[in-house]
Structure formats: C-alpha cells, structure tokens
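Architecture at a glance
Letter by letter, the chains look like this.
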Amino acid sequence: MSRARTVGSKWVKTKVLLRNKELRKFVPETRIYSRNNLLQMLIKYKMVYVKPDHGTAGNGIIRVVKSDKYHFQAGKVAKTFGTFQNLFAALNKAKLKRFYLVQQGIHLLTHQKRIFDIRIMVQKNQIKTWETTGYIGRVAHPKKIVTNFHNSGKPLPLELLLSSYVNGQKKKDYIHSLRKLGYRIAKHYQTSYPGFKEIGIDIGIDKKLKPWVLEVNTSPDPFIFNQLHDKKMFFKALHYARANGRFLRLRRK
C-alpha cells in the first residue's frame, strides 16, 4: 500500500476507481492513447477527450468529434479534417510528446449554452473520518472545452446551475447523492492510499442526470470555494486543509 499524498497519473487514478464494482459504473471508458484506440472510441462514442496522463488546470486536453468529418478543439483552436488519418496526424502534432489517454466524451449539462461540471471536496475532519466539505459548479469559457477555474472557467453555485434541470426537494436530494458519491470515492481511495487526507472529484452530469467521474484530484485547491458569495464551504474546507497540514501560511488574494 502506498502512503503518497498525491498521485499525478490520471491512468493510475482511473484504475483505482475501476477496482470498485459499485463505482465502476460512474467512470467513463478510458484507454491509453493510440491510433487504434482513438479510432475505436470515436466509432463507439462519436466524441472523446484526448488528455495528458499528467496535467493540471485542463491544459493539453483536446476534444475530438466524429460526424461526417472529424473535428478537434484544443483551447480556442478548432480544426476539421476529411479523413481520420489527417486528424490523427494533426493530433500527434498538437499534443506534446508524453503519455496520453483517450476518454469517452460525456455530453455535459449546460448553463447559458456553456458546459459545466462539478467539483466535490472531501476531507478528513477533526475525528479523522471522511467528510464532504464542499461542492461547486464550474462553467466553461464560451470558446473553451474545459471548465477549470485557472483556465478561464467560472465557479458558480451548484444550486443555480441545476435549476434548469431539477428543483425543490429533488434538487436537494440530487446534491446529497453527489456528496455521498464523493464520500464513497474517498473511502475507496483510502484502501489504496491510506495516507490521503483530501481529494477533489470532478463530476460531469449528462442529459439523463447521470453523474460521471471525470477525474480525481489528490491535491485539491480549497480556494475555489472562496469564489462563492456564501463563504461557509470555503472556511470549512480551508480549516480542514490547514488541520491536514496544507496552506499553513496565510494566503492573501
């Protein structure tokens, strides 16, 4: 068993999730990037994301779509190709020479025509048990495919973002189910990494309101919650982070 406090590899983190039969259904199909895997995944899903195994803030992520032609977008740059071979050649030029993955594309819910996903924060509390301390929506820049705050994404209250899809007690119950999913993931991760005290889970919601675990962050930033008008989650997440040995020096904005 490893006691590392962080795991950078998305591939390793995906394999950890797949070990749990209850959590496996929430994980988009993910394969090691290759010509054959990319082609098979495009035929199967029509949309995939090509992402570096190591990377932060959504940097290096490329969306690839198969319709009558092939399309890819990296950052604000979008290109179209008539053949798969031309697409594949362009992708190999666009991505850096490092280990990449290809992941099933999820058609995310939108807010004002901009896709959004969710960050769930789970931390060890004062009695050393896991607690879901925060949740927040992240809306993509209109011209970008990633939602990360440090890549022009806009953090907004999850309650607001879900209002077009679910309301009242159903919305409260749905958010509770997301908080519970985050807790279950943290408990499972501890079986492989007992030294972990915090994780952040990026969850995408599809048109049928099914949650998908897009990524697990083993060094989550609590400061995203400071973007909310209500600071309760921010103060709790930061307090727990400091109690767990992080951000011990005061950070000034």
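A brief report on the enclosed structure follows. Everything quoted here is computed from the prediction, not taken from an experiment. All residue numbers refer to positions counted from 1 along the written sequence of the respective chain. Reporting in this predicted model follows two pLDDT cut-offs: at least 70 for local features of residues, and 80 or more for side-chain atom pairs to be given and counted; totals over whole chains, interfaces and linings ignore these cut-offs and use all residues. Side-chain metrics rest on all non-hydrogen atoms present in the structure, leaving aside hydrogens and water.

Time to look at the overall build of the chain. By the criteria applied, helices consist of DSSP H or I runs no shorter than four residues and strands consist of E runs no shorter than two, each listed in order from the N terminus. The secondary structure content of the chain amounts to six helices and 12 strands. Each radius of gyration reported is based on C-alpha atoms, and the globular scaling rule is 2.2 Å times the count of residues to the power 0.38. Its C-alpha atoms give the chain a radius of gyration of 18 Å, within 12% of the compact-globule value 18 Å for 253 residues. With the C-alpha coordinates aligned to their principal axes, the bounding extent of the chain is approximately 55 × 45 × 40 Å. The rule is simple: take the accessible area with a 1.4 Å probe, protein chains only, and divide by the maximum for that residue type; under 20% is buried, over 50% is exposed, in between is partly exposed. Split into buried and exposed, the 253 residues of the chain put 52% on the buried side. Restricting to contacts in the chain with at least 6 residues of sequence separation, those with at least 24 account for 62%. Contacts were defined at the residue level, with two residues in contact if any of their heavy atoms lie within 4.5 Å.

Time to look at the sheet that holds strand β3 (residues 62-66). Two modes of strand pairing occur in sheets, parallel and antiparallel, and in both the strands are linked by backbone hydrogen bonds. When DSSP locates at least two bridges between a pair of strands, those strands are taken to pair. Taken together, the six strands give an open sheet; going across it, the order is β1-β6-β2-β3-β4-β5, and neighbouring strands pair in antiparallel fashion. The open sheet has two edge strands, β1 (30-32) and β5 (77-81), and neither has a second partner. The mean inter-strand angle of the sheet, taken between neighbouring strand axes irrespective of direction, is 20 degrees. Interaxial angles span 0 to 180 degrees and are taken between N-to-C directions of axes, which are lines fitted to C-alpha atoms, for helices over the stretch in contact.

The next point concerns unusual backbone geometry. Phi at K46 is positive, roughly 70 degrees, even though this residue is not glycine. Along the polypeptide, K46 turns up in the loop between α2 (35-45) and β2 (47-52). On the accessibility criterion, K46 (41% relative accessible area) is partly exposed. Look at L209: it is not a glycine, yet its phi comes out positive at around 65 degrees. On the secondary structure map, L209 appears in the loop between β11 (198-205) and β12 (211-217). A residue is classified by how much of its surface remains accessible, and L209, at 24% relative accessible area, is partly exposed.

Here we come to the environment of V65. Relative to the assigned elements, V65 resides in strand β3. A sequence separation of 168 residues divides V65 from M233, and the C-alpha atoms of the two residues are 37 Å apart. Those residues in contact with V65 that sit more than four places away from it in its chain are L42, K46, M47, Y70 and H71.

Moving on, we come to helix α5 (residues 168-192). One less than the residue count of a helix, multiplied by 1.5 Å, gives the span that helix is expected to have. Taking 1.5 Å per residue, 25 residues should reach 36 Å; α5 reaches 38 Å between its end C-alpha atoms and fits that length. Where α5 is concerned, the buried positions are K171, Y174, I175, L178, L181, G182, I185, A186, H188, Y189 and S192. Structurally, α5 contributes buried residues whose contacts are with α1 (10-18), β8 (114-124), β9 (130-139), α4 (158-162), β11 and β12.

Attention shifts here to the side chain of K13. Mapped onto the elements of the fold, K13 is located in helix α1. What makes K13 buried here is its relative accessible area of 7%. Ignoring sequence-local partners within four residues, the contact set of K13 consists of V7, G8, Y189, E215, V216, N217 and T218.

In this fold, Q190 is placed in helix α5. Given a relative accessible area of 23%, Q190 falls into the partly exposed group. In this structure, the C-alpha to C-alpha distance between Q190 and K51, residues 139 residues apart in sequence, is 25 Å.

Time to look at the side chain of T133. Relative to the helices and strands, T133 resides in strand β9. Within the local environment of T133, its side chain forms a polar contact with the side chain of Q123, the two groups lying 2.5 Å apart. Discounting chain neighbours no more than four positions away, the residues touching T133 are M121, Q123, M233, K236, A237 and Y240. As used in this structure description, the phrase polar contact means that two N or O atoms lie within 3.5 Å; if the pair is within protein, one of them must be able to donate a hydrogen and the other to accept it, and residues adjacent in sequence are counted only when both atoms belong to side chains.

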